[in-house]
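Understanding the architecture of this molecule
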Amino acid sequence: MSLLTPLALALSALALPIIMLYMLRLRRIELPISSTFLWRQLVRDREANAPWQRLRFSWLLALQLLALLALVLALARPFVEISTISTGRLVLLLDASASMGATDVSPSRFARAREIALGLVDTLGQDDTMTVIRVGAVPEVLAAASRDRVVLRGAIRGATPSDSSADWEAALTLAAAGAVGVSDLKVIIISDGGLPSNLPPVPGEVRYVPVGERGDNLAISALAVSALPGQPPQLFARLSNYGGEPAEVILDVRLDDSDVLYTARRYTVPAQGYVDVFDVELPSTFQSLAARLTLPARAGERDYLRADNSAVAVRERLGAGRVLLVTDENLFLEQIFRSLRGVELYQVASTEELPSQSFDLYVFDRALPSTLPEGDLLLIDPPTSTAFFQVEAEYAPAGIVRVNPEDARMRNLGLYMEQVHIARMRALSNIGWATVLAEVDGYPLVVAGEVGARQVAILPFDARYPNTDMVLQPAWPILMAELAAWFSPSRITDASASLPPGAPVTVRFLGDADEAVIRRPNGHSVTLQAETSTAVFADTLQPGLYTVTLRVDGAALESEQFAVNLFDPAESQIAPRSSITVGTTEVGQGARQETGRREFWPWAAAIGLLLLLLEWWVYQRSLRRTPRLVLSRPGARTAGGWRTRVWRLGRARRRDRVSG
């Protein structure tokens, strides 16, 4: 053991004045009395006392000397030289991705990584600095170029793992920012090695400390809900096994935030393989589902990562939704709507009464009721005029169909529509509210726009063969798919079927909504105010089901859900790697070849402070022992008949007697 500041030992000379004070001090306690007549002899004794006394053992003196010794050692800063990962200007990258939650090492990989990081802080030299970066979906600087070990330890102990992937490119960019003006930068990566292979180079030296031992893991690597036209929705899932042995697993499904089990099935997943599940039918009324992967009781397999054992899905919201087709056996319309995804088709004849229930889209083929229903409308060859358009005489076009190139709905139809022929069509007027998507000979062929709160599209021709060959060409399904997508109910968010953790979501304030309340999977909510027509919500780091509710003056307007899932093979493949690649350099496990210092002054200072507290307690305890006056028995042989015993304190044996 050596000392960084050995000159501080000279302060141990302070023990001499402490000892001298004990030799000079008179061991008396002042007490108030009614008269000094009987105490004159005691006063004469005090005047005769010598200034120096024989040093006697005292616990207070011993504690004070020990406290002085401990504090002097703390100032001298004793240390021992030990092997360490690195010294100098350090940047510590602490992997906080989902795979670091694996429990193949106790209690978890991330906890072990924190222990390694704390050990590295203990070996920092006097001139060493460290920057601590937590690497998650959004890298976070926990401590910047600090020499303060208390700050560094607090930053590392306060770091938490996540259930998302890590953005290593952004983390290395932060690390490189600390290399400006530094020639000996050293980047230390504590991770299980699940880094991408195309990382940019980092100035300075990179060292890698691997964490983890095993790679056995089971995961739900995909989950979706889909429905074929005319069929009930079905669940699709992929169960993956990253271990070396086949595993028997149970997949259970619950619907609509319910704890009631809908179904549970057992599957055998091969080693280093997967099983696709597509045999689970779902009710047509469900809105969301949660799937969970578990091992049977007494299973011999291991599953060290829990973050990828659950997933959620929401019902597909693409397409026009519930569609009512009013037609007299138009097979071309029936087939096209039955083949479109996201469409629930209901059909009635033109002579029948319209159902009382509401639909997202009403399609009227060569028929119009006296009162149009509230909802979006697709009118094909309308026979009569309405309040928002006029039907003129029939016309036989002879020219080529031209599409509106500036409209996105017609971006895939230019060449196809030029090959379409139409025998007869109706001329339209009073359509200033609509956009002409296609025309022939100057007459509108396809128009679409908004009338009040509804969307309306008009095809003023009979969509049957032989009136038009469009229904036999690719232009027909493409046109109807584009219109169906345009008719899709307005969505609150732009979220896809499943988002990765950390992905931003755009929230639209539809109608008169003045705020949006977003409920996270953990039950906590956040409120977004409608300062503009849209807002971006990026706090999606927690996997699970999010619910967005639009509100007007505190009342709920409408709601929508979106799913966030970890589906990342790089995180589910938890087998630790012995090396990583940064730039073009392969970095192996860093050898502990540098020499660092482990100082013990904090322990010495703590012991010194404890000794001072103990000395204060002993001193205060001695003050509580109140001196006692003891009178002699009646008839004692003294000049005045009285004997007084004073100064009996604790273990002191000294007695001064005064007679009067």
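That block above? That's the structure.
So, here is what we can say about the structure in this document.

For the rest of this paragraph, the subject is the packing of helix α3 (residues 59-76) against helix α11 (residues 601-623). Between α3 and α11, whose axes approach to 8 Å, the crossing angle comes to 160°. As the angle between them shows, α3 and α11 are arranged roughly antiparallel. Taken as a pair, α3 and α11 cross one another with a handedness that is left-handed. For the pair α3 and α11, the contacting residues are L60, L63, Q64, L66, A67, A70, L71, L73 and A74 in the first and W601, A604, A605, I607, G608, L611, L612, L614, E615, V618 and Y619 in the second. For the contact of α3 with α11, the residue count by class is 17 nonpolar, two polar and one charged.

In this section: the side chain of D95. Following the sequence through the fold, D95 ends up in strand β3 (residues 89-95). Of the side chains with opposite charge, R109 lies nearest to the buried D95, which makes no salt bridge, at 7.8 Å. Of note is the side chain of D95, whose polar atom sits 2.8 Å from the side chain of S97. Residue contacts for D95: discarding those within four places in its chain leaves M100, F110, V135, A166, W168, I190, S191 and D192.

If you trace the five strands from one edge of the open sheet to the other, you get β5-β4-β3-β6-β7, paired in mixed fashion. Strand pairing shows two members of the sheet lacking a second neighbour, β5 (140-146) and β7 (205-210), which therefore form its edges. Here the strands of the sheet are splayed against their neighbours by 15° on average, with no regard to which way each runs. Bridge count for strand β4 (residues 129-135) against β5 is four bridges, and the pairing is antiparallel. Its bridge partner being in β5, M130 is matched across the sheet by S146. Against the sheet, helix α5 (residues 149-158) engages β3, β4 and β5, with an angle of about 165° to β5.

With the rule as written, the count across this model stands at 27 salt bridges. Between D192 and R109 there is a salt bridge whose closest N-O contact spans 2.9 Å. Residue D192 is located in the loop between β6 (185-191) and β7, and its partner R109 is located in helix α4 (residues 109-122); the two are separated by 83 residues in the primary sequence. Since its relative accessible area comes to 3%, D192 is described here as buried. One salt bridge connects R306 with D303, and the closest N-O pair in it is separated by 3.7 Å. The class for D303 is buried, based on a relative accessible area of 8%. One connected set of salt bridges, linked through shared partners, spans D365, R366, D381, E394, R424, R426, D462 and R464.

What counts and what doesn't
- Residues numbered from 1 in each chain as written.
- Predicted model: local features only at pLDDT ≥ 70, side-chain atom pairs only at ≥ 80, totals over all residues.
- Heavy atoms only, no water.
- Axes fitted to C-alpha atoms, helices over the stretch in contact; angles between N-to-C directions.
- Helix = DSSP H or I, 4+ residues; strand = E, 2+ residues; numbered from the N terminus.
- Parallel < 35°, antiparallel > 145°, perpendicular 65-115°, else oblique.
- Left-handed = near helix turned anticlockwise from the far one by under 90°.
- Contact = heavy atoms within 4.5 Å.
- Nonpolar A, V, L, I, M, F, W, Y, C, P; charged D, E, K, R; others polar.
- Buried < 20%, exposed > 50% of the residue type's maximum accessible area, 1.4 Å probe, protein only.
- Lys, Arg positive; Asp, Glu negative; His and termini not counted.
- Salt bridge = Lys/Arg side-chain N within 4 Å of Asp/Glu carboxyl O.
- Polar contact = N/O pair within 3.5 Å; in protein donor to acceptor, adjacent residues only side chain to side chain.
- Pairing = 2+ DSSP bridges.

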